[in-house]
Amino acid sequence: MSFLGGPECSTAGNPLTQFSKHVQDDKSLQRDRLVGRGPGGLPQGLRTQGMMGGQDQMMDDFIQQSGQIPQGVASPFAMDQMRREIENYSHSPLRSGSPANNWAAEFQPGLDDQARMQAAFQQSQRRGFSPAEFARFQQRTPERVASPAPQASNAAMQGFQRPLGMNYGMNMGLGGMGMGMMNRPYSGLATPHVGEADAQTKGKGRMVELDDHDWEAHFAQLDAEGQQRELDAKANAAMEAELSDLDRSVQTETNEFGDFEGIWRSIQAEKAANRHMADNQDFATIANEPTVDDLDDWGGFDHPINTHPVGYRDPQLGEYMFEDDNLFDDIADPYTEGVRIMEGGGNLSLAALAFESAVRKDPMHVQAWTMLGSAQAQNEKETPAIRALEQALRVDPNNLEALMNLAVSYTNEGYDATAYRTLERWLATKYPQVIDKANLSPDADVGFTDRHKLHEKVTDLYIQAAQLSPSGEQMDPDVQVGLGVLFYGAEEYEKAVDCFTAALTSTEAGLSNKQGQVHLLWNRLGATLANSGRSEEAIAAYEKALTLNPNFVRARYNLGVSCINIGCYAEAAQHLLGALSMHKIIEQESRERAIEFARAGGRPVDESSLDHIIAQNQSTNLYDTLRRRSLTFAMAAQTGAQIIAKTLRDLGVTVLFGIVGIPVVEIAEEAISLGIRFIGFRNEQACSYAASAYGYLTGKPGVCLVVGGPGVLHAMAGIGNSHANAFPLLVLAGSSETHLLSKGAFQELDAVSLLTPHTKLAIRPPSLDSIPQAMQSAYRRSLYGRPGTSFVDLPADLIQGTLSNPADVEPAQLVQSPPPPAADNARIFRIAQLLKSAKAPLIIVGKGAAYARAESAIRELVNKTSIPFLPTPMGKGILPDSHPANVASARSTALKHADVVLILGARLNWILHFGEAPKWNPAARFIQVDISAEEIGTNRGDPSLGIVGDAGLVTLQLLHALGDWHFSPSSSSSSSSSSSSPFILQLQSAKQKNEANAARKAGIATLPMTYAHAFETIKSALHTLSPPSEGGIVYVSEGANTMDISRSAFPVEHPRLRLDAGTYATMGVGLGYAIAAHAAYNNTEAPENRKKIVALEGDSAFGFSAMEVETMARYQMDILIFVVNNGGIYHGDSDTAEEWLSRQKHSTAAPSAIAETTNRTTEQNHYGASKSANNLGLRSTSLGWEVGYEKLAEACGGKGFLARTPEELHTATIEGYKAKVPVIVNVIIEAGSAKKLEFGWQASSQKNPSARL
């Protein structure tokens, strides 16, 4: 694939791809030379015959393969040949953990570990040569001759009867997707072993074995003769020549693809035999082995297939070869017709024929030559494109468009030095003040080092030219394109991306950004992004190109290739087939146009001639890619890890939370290679908390990946939290091998039995092919009904096992959202009548309603009926906190006086005091709306009034049943509003009193700061940066006082923007929840959708998962954390550092010393324990004195602030909000040692208010 194409194009950056181009180029020269020469030869030149038949026929061939081996010319979709290769192919286990940005590795069978180790060892040995040692090595090594061909067997000779290049195309032309074939001898040719060659070598080439003594004597002799300096000079020259030779042959390293040298010899030998046979008219009399001298008559044979023989690097492509039968020859102005075809997105082959006709009529028509080159290049035909563009420059050496396009084509084909010189010529033409033409680099061949120097020289010149243009949008786009090509050739893809982006944003007119060319520039940007491993961004660039030119088939093709690179094979097939569909449409249009031209010229028209005209020079990349994909699927076995990762992707999972170890690390690596974002934690508890919160925020199960045994035990914290809060969670865990069950295997645990009571489904797939369906069932079960946890146990032998026929596995299907259940109309009517008759109705809005995305319906209900509402802690934001019907600040009053309570997505548990007195009105009637039938009728709920249904859908039903009614306190049947209701008056009075009290506390500025004043300072700073109405902040809070007080201190106007300890009151969830919120809201390229995550942590709660700050820093999560530091759980026990040190000293003293000071009394302290000398030490709730939590952020790569005063806190909040790294603000507040431990939810269960524990 070319530079203008996609990620197969990197000739400099990917030697494997460049090597594949040797056998994928336009071979029309060779094929025309072989016309009619021997059995199986082509009856006519392929340019005359056409490279393929009609495209419908090709697709039929692709879909319906015959069982016979094709004879003569191989079909582009000769599946039998593919099957034969597959049968000869030796499978090797796929390697997990390959780098995600190595796209070729996704499609090649991996080498076994031993082979990799040996190759790496050999590579490290090679790196150890000094110049002197290299020279001695050259003396010991037999001189290499150019690919001697071994004696070919009859079977091998039969292979030569096929058209030249077909064998190569099948084995080497997969562009990285089939390189596993290279591990076996090629085409049955016997390659002599090195040892055999050595044994036959005579004279100077003979290898001499030297022991340690001989080596020392040999070195001493060299030193004594004073030859060291001369030897070094010769060695350096030899090394330079060797580097140049290696660069010309584009050999890859053995540590990556096995014994490449041996394979290269085999290929060269086969090529030599092919040429020798083609030179002999009598194919049956071939007996002698061909030599290098036999190839003299084939000078230049290598050039079109891009092998670049030793001695020169420039392309020797010859003159442009025209189509003999050209229907445009009868058109008066073929050039204009060709332009019209190009601008209309028509058939490129037809456009090329038009331009061919134009230049044959007028060989000096430079623009026609240029357009011919452009048409051929866009049609994936670089070789004829280069011929045409070179001819354009012969006519007009100063044609800037031809120079730039030619440089790009040279780059595509690997003619690096020629590309650099062409770019230099372009610069000298447009910017003579930068370089004069008299100073251009000569056209002589350059070696490895000289070519690098040439690249640096030309790059520096282009940088100088760029500096001549104004900065910003006024820069010269063509200079930027040239720079991009240079950086691209040097594999500096990030710089190349910047250059192409600058060209796109430039407002200056240029050749590259003129009308009709911008889509090509977007495509070029996409190719560079793809080669830099940024396939997702490349896809976006290709989509831009398609937006500008919907008929741009190449961009559609590139889009499919990029999808293949990230493992999205289904999407890739859709894009490739879409491109095929475009081809078909264009083909039909071209067929109709060709008929018009033929009839206008008086030519006879028949189907075969039309097929020939349409098919000639047609690019087969689309078909080849589909064909390769089929071959890859047929060849590639899949491991269990790959099946699991693919199943996650098929289920729509985009983020995976986990902690890896053996054997689940392979799953994580495969998931990453498929484009799934993996977030690695420091503890399974925080990991499982994050996954469960992610499920709540996104409405799709969060996925947690852990190891077996202790990893499962740690993750049980999140499993319990998910179950209690009804968050959808899927836990995947490794386990010991199935055959080691009950033998005491590594980390053995019967996790399925352990977790069955605590999950909705716990399952272990029995086989590799059952994994997708098992995971799909678990995923679905966690989502449907009452959300919760599902667990899949994955034994090591399943993860590491191999499935030879993955095509037989039924893949998982995307799980659709569950259908929302509605209520019975009769019950809805009854509940509506009950609400209308209520004197003091109240709506409770819980996090279940937030999960159900019911905010729109609930807001309409409250706005229409004026019923007061009360949000639960995580139900805040479904209706704005600023809404006048919000009675959160009069909570106790609302509970005590409400008579009819509509509960939407909340439970009558401890958070709502079970619906019981004394907190609640004993006569209150509760209408429960819940997705779970088990919740209906719990505690004081009335089963006859309960509704099992979706909160949003049921609310809409209620709205319909209530009609135009709204709450009128004075008369329940009247529609007129009144404020004389005792219930409304009581609520308003309580709100005013409590809000004034809260404001008074928040305004008290003391040192150390109080909770209220610290939160008021933080709030005022945050609101200046992000007003609540914008919904730009997600609040996460945990810690007893920190969570309770901050709930009312920070208003929330939008749903799902507040997370806390929840139903389970779990301490330690805060940082995991913050990471989950960041992943849920900020995993997008749209900056307007980003949200700042603010975590309000008590110092005790922070300690549960403090090391996850490193996780945030590692993934560059700009989370702002406030650690509210009072030195203890609930509160500290010391008001000064001296007091705390005294307590510490007393606690660590010897027991005898403590006993001497004991003075027991019956008086109780604020902990409820009797005072004694023992109480002079640290209490059970004590934490360290003013611990420097902020330093943890600094140690992990974030920022830390210590705030003792409101001014310091305000500054830290502003700076922390703007930071792009995680930030910890250590907020020192009063210890509160004299305060009493008491919480409202505890008192709610006390039937006798005077009773005390």
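Computed from a prediction, not measured in an experiment: that's the story for all the values here. (Residues numbered from 1 in each chain as written. Predicted model: local features only at pLDDT ≥ 70, side-chain atom pairs only at ≥ 80, totals over all residues. Heavy atoms only, no water.)

### Points about the overall build of the protein chain
Basically, it comes down to this: Segments assigned H or I by DSSP are reported as helices when at least four residues long, segments assigned E as strands when at least two residues long, and all are numbered from the N terminus. A simple rule labels every residue: compare its accessible area, found with a 1.4 Å probe on the protein chains alone, to the largest value its type can have, and call it buried under 20%, exposed over 50%, or partly exposed in between. Pairs of residues are marked as contacts when any of their non-hydrogen atoms sit within 4.5 Å. Only the protein chains shown count as cover for residues, with accessible areas throughout obtained via the Shrake-Rupley method and a probe of 1.4 Å.
Of regular secondary structure, the protein chain possesses 52 helices and 19 strands. For the protein chain, with 1253 residues in total, the buried portion stands at 54%. Relative to all contacts within the protein chain whose residues are 6 or more apart in sequence, the contacts with residues 24 or more apart total 74%. Within the structure as shown, the protein chain displays about 53200 Å² of accessible surface, and the carbon and sulfur contribution to it stands at 53%.

### Looking at the confidence of the model for the protein chain
The condition is simple: Per residue, pLDDT captures the predictor's confidence, and it can take any value from 0 to 100.
Here the protein chain shows a mean pLDDT of 74. Residues at 70 or above account for 63%. Confidence, expressed as mean pLDDT per element, reaches its minimum in the protein chain at helix α9 (residues 166-171) with 30 and its maximum at strand β4 (residues 702-706) with 98. In the predicted structure, residues 1-213 sits below a pLDDT of 50 and forms 425 contacts with residues beyond four places in sequence or in another chain. Note on residues 281-313: pLDDT is under 50 here. Beyond four places in sequence and across chains, it has 84 contacts.

### Side note on the packing of aromatic side chains
The cut-off we apply is this: Aromatic pairing here means that ring centres of Phe, Tyr or Trp (its six-membered ring) are within 6.5 Å. Orientation follows from the plane angle: under 30 degrees is stacked, over 60 is edge-to-face, and everything else is tilted.
Tallied over the entire structure, the rule returns 15 aromatic pairs. Between W426 and Y462, the ring centres sit 6.0 Å apart and the planes meet at 15°, which makes this aromatic pair stacked. Taken together, the residues W426 in helix α20 (residues 416-430) and Y462 in helix α21 (residues 448-468) connect sequence positions 36 residues apart. Using a relative accessible area of 0% as the deciding quantity, one classes Y462 as buried. On the numbers, 5.6 Å between centres and 80° between planes, the contact of F1102 with Y1189 is edge-to-face. Here F1102 is found in helix α46 (residues 1099-1104), whereas its partner Y1189 is found in the loop between α49 (1151-1156) and α50 (1190-1196), with 87 residues between them in sequence. Considered together, F1102 and Y1189 belong to a single accessibility category, that of buried residues.

### What about the pairing of strand β19 (residues 1223-1228)?
Convention followed: Think of it this way: DSSP has to see at least two bridges between two strands before they count as a pair.
Summarising burial for β19: six of the six residues are buried, a large majority. The alternating pattern of β19 places V1223, V1225 and V1227 on one face and I1224, N1226 and I1228 on the opposite face, and all of these are buried. As paired strands, strand β17 (residues 1120-1125) and β19 are joined by six bridges and run parallel to one another. Each residue of the ladder has a partner; that of N1125, found in β19, is I1228.

### Some points on the sheet that holds strand β2 (residues 655-658)
Heads up, the condition is: Under this scheme, a helix contributes an axis fitted over its contacting stretch, all axes are lines through C-alpha atoms, and angles between N-to-C directions fall in the 0 to 180 degree range.
Spatial strand order, β3-β2-β4-β5-β7-β6: six strands in an open sheet with parallel pairing. In this open sheet, the two strands that pair with only one neighbour each are β3 (677-680) and β6 (761-763). On average, each strand axis in the sheet is inclined to that of its neighbour by 20°, with strand direction left out of account. Summarising the sheet, β4 and strand β5 (residues 729-735) pair through five bridges and their orientation is parallel. When the bridges of β5 are listed, G702 appears paired with L729.

### What about the side chain of T1010?
What counts, and what does not: The definition of a polar contact used here is a pair of N or O atoms within 3.5 Å, where within protein one atom must be able to donate a hydrogen and the other to accept one, and adjacent residues in sequence count solely through side-chain atom pairs.
Inspection of the secondary structure assignment puts T1010 in the loop between α42 (982-1003) and α43 (1011-1025). Looking at T1010, the relative accessible area reads 15%, which means it is buried. In this structure the side chain of T1010 is engaged in a polar contact, spanning 3.2 Å, whose partner is the backbone nitrogen of H1013. The residues contacting T1010, other than those within four sequence positions of it, are K1001, I1004, I1229 and E1230.

### Considering the environment of A1077
Along the chain, A1077 turns up in helix α45 (residues 1070-1082). Overall, A1077 belongs to the buried group, its relative accessible area being 0%. Taking the C-alpha atoms as reference points, A1077 and V1034, separated by 43 residues in sequence, lie 7.4 Å from one another. Residues contacting A1077, with those up to four places away along its chain left out, are L697, V1034, L1059, N1082 and I1093.

### Here's the deal with the nonpolar core
Here is the rule we go by: Residue types Ala, Val, Leu, Ile, Met, Phe, Trp, Tyr and Cys, when buried and joined through side-chain atoms within 4.5 Å, form a set referred to as a nonpolar core.
By size, the foremost hydrophobic cluster in this structure holds 151 residues, and its most contacted members are F657, L732, I1121 and V1225. It is helix α32 (residues 684-698) that contributes the most residues to this core, nine residues altogether. Ignoring anything within four residues of it in the chain, the contact list for F657 reads F678, I679, F681, C687, A690, A691, Y694, V703, C704, L705, A1076 and A1079.

### Here we look at the packing of α43 against helix α44 (residues 1040-1049)
Using the following cut-off: Should an angle fall under 35 degrees it is called roughly parallel, over 145 degrees roughly antiparallel, and 65 to 115 degrees roughly perpendicular, with every other angle called oblique. Here is the rule for handedness: rotate from the far helix to the near one, and if that takes an anticlockwise turn smaller than a right angle the crossing is left-handed, while a clockwise turn gives right-handed. Note on residue classes: Ala, Val, Leu, Ile, Met, Phe, Trp, Tyr, Cys and Pro are nonpolar, Asp, Glu, Lys and Arg are charged, and everything else, Gly too, is polar.
Close contact between α43 and α44 brings their axes to 10 Å; oriented N to C, the two are set at 50°. Put simply, α43 runs oblique to α44. Where α43 crosses over α44, the two elements pack in a sense that is right-handed. Across the interface between the two elements, Y1011, F1015 and K1019 of α43 pack against N1041, T1042, I1045, S1046 and A1049 of α44. Partitioned by chemical class, the residues of the contact of α43 with α44 number four nonpolar, three polar and one charged.

### What to know about the sheet that holds strand β11 (residues 900-904)
Strand order in the open sheet made by the five strands is β10-β9-β11-β12-β13, with parallel pairing throughout. Unpaired on one side and paired on the other, β10 (869-871) and β13 (947-948) mark the two borders of the sheet. In this structure, strand β12 (residues 925-930) lies alongside β13, joined through two bridges in parallel fashion. Residue D930 lies in a different strand from β13, and its bridge partner there is V948.

### Digging into the pairing of β12
In terms of residue burial, β12 counts as a mostly covered element, since five of its six residues are buried. Strand direction decides the pairing type here: β11 and β12, joined by five bridges, are parallel. The residue of β12 that forms the bridge with L902 is I927.

### Here's the deal with the state of the cysteines
Simply put, disulfide is the name for a covalent bond between the sulfur atoms of two cysteines. This is how the line gets drawn: When two cysteine sulfur atoms lie within 2.5 Å, the pair is treated as a disulfide.
The tally for this structure, following the rule as stated, stands at zero disulfides. The structure places no disulfide on C704, whose sulfur is separated from the nearest cysteine sulfur, that of C687, by 3.5 Å. With relative accessibility at 0%, the residue C704 sits in the buried group.

### Quick word on the environment of C687
Structurally, C687 can be placed in helix α32. Its relative accessible area of 0% is what places C687 among the buried residues. In this structure, the C-alpha to C-alpha distance between C687 and V703, residues 16 residues apart in sequence, is 9.6 Å. C687 has contacts with F657, G658, I659, F681 and C704, leaving out every residue within four places of it along the chain.

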